[in-house]
Amino acid sequence: FFMPYLNFFYQKKYFFLFFIILLLVGFYFRFNYFDDGLWSDEWISFYIANSNLNLNDKYNLHIALEGASPINLFIKVIIIKLFGYSYQSVEAVYLLSSMIFLIVSTKLYENKKSKLFYLFLLSLNPFLIYFSGELRFYTISTLFSILSFISFMKLQEEVKLYRLVLFFICILLSMLINLYTICLLFSYFFFNLFNKKDKIIFLVLILVLIFFFILSKDYLFLSSEKYISQFGGSSGNLNSKFFFGYFFNIFFGDKIFGAINLLFFFFSIFYFKNKILLNHKLFLSYLIIFTTYLAFIGYKFIFRDIFFPRHFIFVVPFIIFVISTLILEIKINKLKIFIVFIFIFASIYV
């Protein structure tokens with residue numbers, strides 16, 4: 001019954017129209033968080049960037065008081081210099097980066113059906129929407145994470161100098177903006193180990209790690225200390241409840257919808273067990289998700305818990321990618337359409 005209407009949207013001229021509509025929907029929900037005030041940590045970072053101190057003094061103050069890596073200070077300083085001395089100007093640039101993220105993310109798929117469904121799920125994801133309105137590293141982190149993923153996939157097609165340079169820039173910026181995306185680097189290393197074992201890619205990954213440590217050495221020695229001193233013994237959210245939902249209830253804004261997504265994700269591992277290694281994007285997505293979770297859980301048990309769901313934000317697009325791929329792979333047409341409409345309804349409802 002629905003197929004003639006769905007095929008209507010996949011025609012070239014209507015596909016572009018529907019694509020724009022979904023982007024506008026995503027922008028509308030994100031814009032609701034524009035100019036809604038700041039949390040204390042946002043004010044601290046904005047104040048330091050906006051102060052009359054010279055850049056070196058700003059850097060030292062940032063290292064002493066801020067929890068985010070120093071590159072986030074430089075980003076804010078540049079935005080303020082270009083667009084004016086108000087937090088709204090910084091927030092507007094962050095909102096723009098969230099829109100660029102939505103557009104770029106659709107590159108993970110080739111066909112139009114998959115692009116539209118994936119874009120819909122990203123546009124209406126409450127976790128991505130909420131943090132797009134914060135003056136923190138979350139939005140820009142997800143953008144450069146996706147860009148590093150796409151540029152790495154391009155290297156699997158053919159290793160060229162400009163592709164290596166682009167990948168190097170994207171993954172380094174991603175890690176400098178959000179320390180926790182170092183899990184991406186490990187995932188790329190494991191992927192290269194399992195697949196091509198390309199020595200040039202290994203070399204680039206090692207160079208990224210070296211540059212990252214050189215540029216972040218001051219911050220790295222203080223980051224754990226800051227979180228512990230800020231939150232004391234209650235820091236972090238990796239408690240017993242975490243092992244029931246793995247933050248899916250937070251990522252998808254609802255316990256029931258989160259549970260549905262978690263079940264689909266676990267079922268996807270069984271469903272794709274014979275295809276994972278053949279589908280590079282899918283295999284790398286699983287690597288990123290599991291490497292990130294294992295790294296954070298391992299750190300908790302070896303050292304202490306200093307993590308919150310927002311630190312995992314860069315894995316959300318990859319979780320949605322796996323789930324949407326599973327749904328669109330369902331062979332029984334009526335069942336597939338039924339599940340697609342459940343996800344559409346649930347996303348709108350949440």
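This text follows the structure it describes.
Residues numbered from 1 in each chain as written. Predicted model: local features only at pLDDT ≥ 70, side-chain atom pairs only at ≥ 80, totals over all residues. Heavy atoms only, no water.

(A) How the structure looks around the state of the cysteines. This structure, assessed with the given rule, holds 0 disulfides. We note that Cys-170 lacks a disulfide partner, and the nearest cysteine sulfur, in Cys-183, lies 18 Å from it. Judged by its relative accessible area of 5%, Cys-170 falls in the buried class. (Disulfide = S-S within 2.5 Å. Buried < 20%, exposed > 50% of the residue type's maximum accessible area, 1.4 Å probe, protein only.)

(B) Expanded view of the side chain of Asn-72. With respect to the helices, strands and loops of the structure, Asn-72 is situated in helix α5 (residues 71–83). According to the relative accessible area criterion, Asn-72 is buried, its value standing at 2%. Only 3.1 Å separates the side chain of Asn-72 from the side chain of Ser-69, close enough to count as a polar contact. With sequence-adjacent residues up to four places away left out, Asn-72 is seen in contact with Phe-137, Leu-176 and Ile-177. (Helix = DSSP H or I, 4+ residues; strand = E, 2+ residues; numbered from the N terminus. Polar contact = N/O pair within 3.5 Å; in protein donor to acceptor, adjacent residues only side chain to side chain. Contact = heavy atoms within 4.5 Å.)

(C) Here's a closer look at a nonpolar patch on the surface. A cluster of nonpolar residues, Leu-203, Ile-206, Leu-207, Ile-210, Phe-211, Ile-214 and Leu-215, forms a patch on the protein surface that exposes about 640 Å² of accessible area. With respect to the helices, strands and loops of the structure, Phe-211 is situated in helix α12 (residues 199–231). (Patch = residues over 30% accessible without salt bridge, like charges linked within 9 Å, V, L, I, M, F, W, Y side chains within 5 Å. Areas by Shrake-Rupley, 256 points an atom, 1.4 Å probe, with all protein chains shown as cover. Salt bridge = Lys/Arg side-chain N within 4 Å of Asp/Glu carboxyl O.)

(D) Structural view of helix α17 (residues 316–329). Taking 1.5 Å of rise per residue, 14 residues should cover 20 Å, and α17 covers 20 Å from first to last C-alpha, within 8% of that figure. Looking at α17, one finds that the buried residues are Val-316, Pro-317, Phe-318, Ile-319, Ile-320, Phe-321, Val-322, Ile-323, Ser-324, Thr-325, Leu-326 and Ile-327. (Expected span 1.5 Å × (residues − 1).)

(E) Examining the nonpolar core more closely. Grouped together as the largest cluster of nonpolar side chains are 112 residues, with contacts concentrated most on Phe-152, Tyr-188, Phe-251, Leu-284, Phe-312, Ile-319 and Phe-343. With near-sequence residues (within four places) excluded, Leu-284 lies in contact with Phe-149, Phe-152, Met-153, Ser-187, Tyr-188 and Phe-191. (Core = buried A, V, L, I, M, F, W, Y, C linked by side-chain atoms within 4.5 Å.)

(F) The packing of aromatic side chains, seen in detail. Within the structure shown, the criterion is met by 47 aromatic pairs. Taking 5.0 Å as the distance between ring centres and 70° as the angle between the ring planes, the aromatic pair formed by Phe-131 and Tyr-138 counts as edge-to-face. In this structure, Phe-131 and Tyr-138 share a single accessibility class: buried. Pairing Phe-296 with Phe-312 gives two aromatic rings, centres 4.4 Å apart and planes at 75°, and the pair type is edge-to-face. (Phe/Tyr/Trp six-rings, centres within 6.5 Å; stacked < 30°, edge-to-face > 60°.)

None of the figures reported here should be taken as evidence of function without further support.
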